[in-house]
Every structure is written in C-alpha cells, then in structure tokens.
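The chain contents come next:
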Amino acid sequence: MRVDPDDAPDGTLERVIAELRRPMRLDPALDQRVLEVLRRDPIAPGPGIDSRARRFRARWIAGVATGALAAGLLVAVLRPEPGTTRPIELRLSAPASQVVVVGDFNDWDPDATPLRPGNEGGTWRVELRLPPGRYRYTFLVDGRRWVPDPAEPRAADDDFGAPTSVLTVS
Amino acid sequence: MQFDRRKSSLSSVDGPPGEGRRAADRPPSPMPTSSLSHVARASGLSTVSETDAALVTRARDGDLGAFATLMSRYRDTLGRYAFHMLGSREDAEEAVQDSFVRAHRALADCRQPERFGAWLFTIMVNRCRTAQRRLFHRRRHTEDLRDDVAATGDTSASIEWREEIARALAELRPHYREAFLLRYVEGLDYAEMARLTGAREPTLRMRVKRAGDRLRLLLRDVHAG
C-alpha cells in the first residue's frame, strides 16, 4: 500500500537532509585501533567460524524455544482464560475506497489492520482484541488522509503531525 | 549511498538503479557519488581501483591491508549514520569500530563480496539498534556539534540550525529515525531498506512519512542558518 504517491521531501526537509548529509569526521586513529584489535585477536576470517557459531546459536535457540514452548503450554493449561485482552470495535463513517487503522497496537503498520465496509453505506469497521492500556491511533483513508476517531478523545499532541486519537482499554 | 562501488546504489545489483520501479521508489536524490573515491584518493591508497570483492577475498586470506582499504571506503558513511542514530560522536566511533571488528570476524559469511558495503551496513544498523537500547536517553548531539564550531568555521546561525535538527531528530522514535536516515540521508530505496532492516516496505514508507511530518512540525519555526 502506498502511503504517499510521491515522498519527495519539500523545502524544509530538503534543508534538513542537506544538513544531515554533511560529512562526518571520525577520529583518524579509529582504523588503526580496529587493526590493533584484529592483530591482537587474530581470529582467522576463514570459513567455518561463523558457521560453527551459527550452528551453536541455532541449537541454543532451539533449546530455548523448546523450553519456552513447554512453559507456554504449562501456563495455558493452568490459566485457560487469562482474560488479558478486550474486544474493541473501531468504526469510521467516511466515503472512501479503503480505510486502515494504524496505531501503537500495530506498530503503525498500514497493512496490518484494514477496516471492512459495513452494511450501512460509508461505515467502515474492524474488531480488535487489545490488552488493557492506552493506545494512540488514527485512521488512514485511501492511503493519504489522516482521520482521527470521532468516538474517542484526541491526543493532546497529535502524533507526528497527524491527528491522533487515544483509546483506553481497561 | 554507493555501497557497490561499480554501481550507483544498493539496488543496482538486481538491475540499473530504479529500473522497473516507480519514480518514488528511487532514492529522492543520489548521494554524492564521488565521496568514497574521494576518501580513497585522499588516503593515498594504491588500491583505489580494486573492487570490494577483490579486497574481501584478500582480507579473508588474512591481508589486513585489504581490510584497511575497505574501512577507509566506508568509515565516514557508517560514522555519519551512527552519529545521527546515537547522538554522540564517542558512541558513533565505538559503534563503527565494533562494526568493523565484527565484520572482519564474519567475513566468511559475506556471501556477496561485491555487496560488501550493504552487508557491512546491516551490521552497523543492528549495532546501532543494540546501542540504542543501552544508551536510551544519553544523547549528547548538541555538545558534539558545539565542538565542531572551531573545526568547521561555521557561523553561529548554522550551528543553531544543526542543533535544532539534532534535537528534532532525537525526538523521533528510533525506528522512525532509522527509516528516515536510510531513506533520505543514505539514499536507499525501499526494497533495499526492507532487506536491511527486516521491516516490510509499507511499514518503512509509513515510518519515513511520519518521521518527515514530525521533523517538519518540529522545525517549522526554525530557519536554516
């Protein structure tokens, strides 16, 4: 999904970027320090070392994963109804061909949580299950228009310049 | 960013830069293509024309001189990225040093030596992510910028502008700062950013856009020096 058909920076950002692209001068002795480390600790960069390390890491990860799985199963058996999430329905009435919600609960990923059009014309909705907490979010309409949720309070400071709502799940 | 010295961008391994992609997928403006060759010339190295792949091969055979040449090609690019990510010259230099050591020890795992720069940058990005968690709010960008005044002869207005940018950059969440720097400062396209960060392209587009929106908002009343 495209967020913006053309993300070419405007005047302010162009000046920011020009500044950030200025060359960075590192300590001229840095390379020598690296070479000293490599001379002192001459691990031959030949084949095998990292493969062995990777195999060891893979075995270690497999062991940890197995343990975690067993622990997870145990917890699930002991606590079949943890009740840590609440069903939430978000709605937005807007003429649009596509509506998604982005927020703290989906890492602001525009592909993660699309709304589906409801039976009533123009009303979009999605059901979520969220653990208790406070979430900032906003709707993205047709990939380019930010729309706050009219059913929830606005955040005091709109996040990243986009109008943002706050949802509290108790 | 010219990771592959024979070509103009990371994505060029799969074809000419931007070929077959939308215009907006290409880096907004190319990095100064002469930067790396300039560094190599300035260092007086005799291996200026040697490809990264050839140097990697020699370095794997234990030639530290070859690895030194590779370092000279990428140190400044890595340093700039680390400085903007971590906010301190000291932390940036430590990250660069550590990345080079890690890269040398893992050279056998560099499966595409002609893309050594991209591989090295992946190590750098991961190193910065780790450092970010450790450093948290310990950003000292402003002090380091002040230290540069005498060295660069910049006017106080331009120093103030740089400080404002540093402050605004520091306010971004690390993932947004990372995406913004990779896209606009290092000039990567989204496909390459996705390979490098492990995030999906739509997510990266969103992060870049929101980072830009946020920076624009924070800097709207500040004028460039």
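The model shown is predicted, which means the values in this text are computed figures rather than measured ones.

Draft legend 1. Here's a closer look at the overall build of chain B. Helix and strand counts for chain B come out as ten helices and zero strands. Starting at the N terminus and walking to the C terminus, you meet the elements of chain B as α-α-α-α-α-α-α-α-α-α. For chain B, with 225 residues in total, the buried portion stands at 45%. Contacts in chain B between residues far apart in sequence, at least 24 positions, make up 68% of those at least 6 positions apart.

Draft legend 2. Up close: the confidence of the model for chain A. Residues and elements named next belong to chain A. Averaged over all residues, the pLDDT of chain A equals 75, while 64% of them reach at least 70. Note that residues 1-6 has pLDDT below 50 and, in this model, 15 contacts with residues that lie over four places away or in other chains. Ignoring residues within four places in sequence, the model shows residues 46-53, a span with pLDDT below 50, making nine contacts including any to other chains.

Draft legend 3. Structural detail: the environment of A:Ala96. All names here are of chain A. In this fold, alanine 96 is placed in the loop between β1 (86-93) and β2 (99-103). Looking at alanine 96, the number of C-beta atoms within 10 Å reads 18, which means it is partly exposed. The sequence separation of alanine 96 and glycine 122 amounts to 26 residues, and the corresponding C-alpha distance is 7.3 Å. Among all residues touching alanine 96, those that are not within four sequence positions of it are Val141 and Asp142.

Draft legend 4. Structural view of the confidence of the model for chain B. Residue and element names in this part refer to chain B. On average, residues of chain B score 75 in pLDDT, and 66% of them are at 70 or above. Across chain B, the element-wise mean pLDDT spans from 37 in helix α1 (residues 35-42) up to 95 in helix α2 (residues 52-60). This stretch, residues 4-48, has a pLDDT under 50; its non-local contacts, to residues over four places away or in other chains, come to 70 contacts. Low confidence marks residues 136-140, where pLDDT is under 50. Its contacts with residues over four positions away, or in another chain, come to five contacts. In the model output, the complex is listed with pTM 0.60 alongside ipTM 0.72.

Draft legend 5. Region of the structure containing the nonpolar core. Ranked by internal contacts, the top residues of the largest apolar core, which has 61 residues, are B:Ala82 and B:Met124. At twelve residues, helix α3 (residues 64-86) of chain B tops the list of elements feeding residues into this core. Apart from residues no more than four positions distant in its own chain, B:Met124 is found in contact with B:Leu78, B:Tyr81, B:Ala82, B:Ala95 and B:Ser99. Among the nonpolar cores identified, the runner-up in size contains 14 residues, and A:Leu90, A:Val99, A:Leu115 and A:Phe139 belong to it.

Draft legend 6. Focus on helix α9 (residues 190-197) of chain B. Residue and element names in this part refer to chain B. Along α9, the residues that are buried comprise Tyr190, Glu192, Met193, Leu196 and Thr197. Taken down its axis, α9 places every buried residue within 155° of arc, on the same side. One or two positions beyond α9, positive phi appears at glycine 198, with a value near 85°.

Draft legend 7. Representation of the packing of α2(B) against α3(B) within the structure. All names here are of chain B. One way to put it is that α2 packs onto α3 with a least axis distance of 7 Å and a crossing angle of 140°. Here α2 is positioned oblique relative to α3, judged by the angle of their axes. The element α2 and its partner α3 pack so that their crossing is left-handed. Between α2 and α3, the contacting residues are Asp52, Leu55, Arg58 and Ala59 on the first element and Ala66, Phe67, Thr69 and Leu70 on the second. Taken together, the residues of the contact of α2 with α3 sort by class into five nonpolar, one polar and two charged.

Draft legend 8. Layout of the sheet that holds strand β3 (residues 116-117) of chain A. One open sheet accounts for three strands, arranged β1-β4-β3 (chain A); its pairing is antiparallel. For this open sheet the edge positions go to β1 and β3 of chain A, each flanked by a neighbour on one side alone.

Calculation criteria
- Residues numbered from 1 in each chain as written.
- Chains lettered and ligands numbered in written order.
- Predicted model: local features only at pLDDT ≥ 70, side-chain atom pairs only at ≥ 80, totals over all residues.
- Helix = DSSP H or I, 4+ residues; strand = E, 2+ residues; numbered from the N terminus.
- Buried ≥ 20, exposed ≤ 12 C-beta atoms within 10 Å, placed from the backbone.
- Contact = placed C-beta atoms within 7 Å.
- pLDDT = per-residue confidence, 0-100.
- Core = buried A, V, L, I, M, F, W, Y, C linked by C-beta atoms within 7 Å.
- Arc of directions from axis to C-beta.
- Axes fitted to C-alpha atoms, helices over the stretch in contact; angles between N-to-C directions.
- Parallel < 35°, antiparallel > 145°, perpendicular 65-115°, else oblique.
- Left-handed = near helix turned anticlockwise from the far one by under 90°.
- Nonpolar A, V, L, I, M, F, W, Y, C, P; charged D, E, K, R; others polar.
- Pairing = 2+ DSSP bridges.

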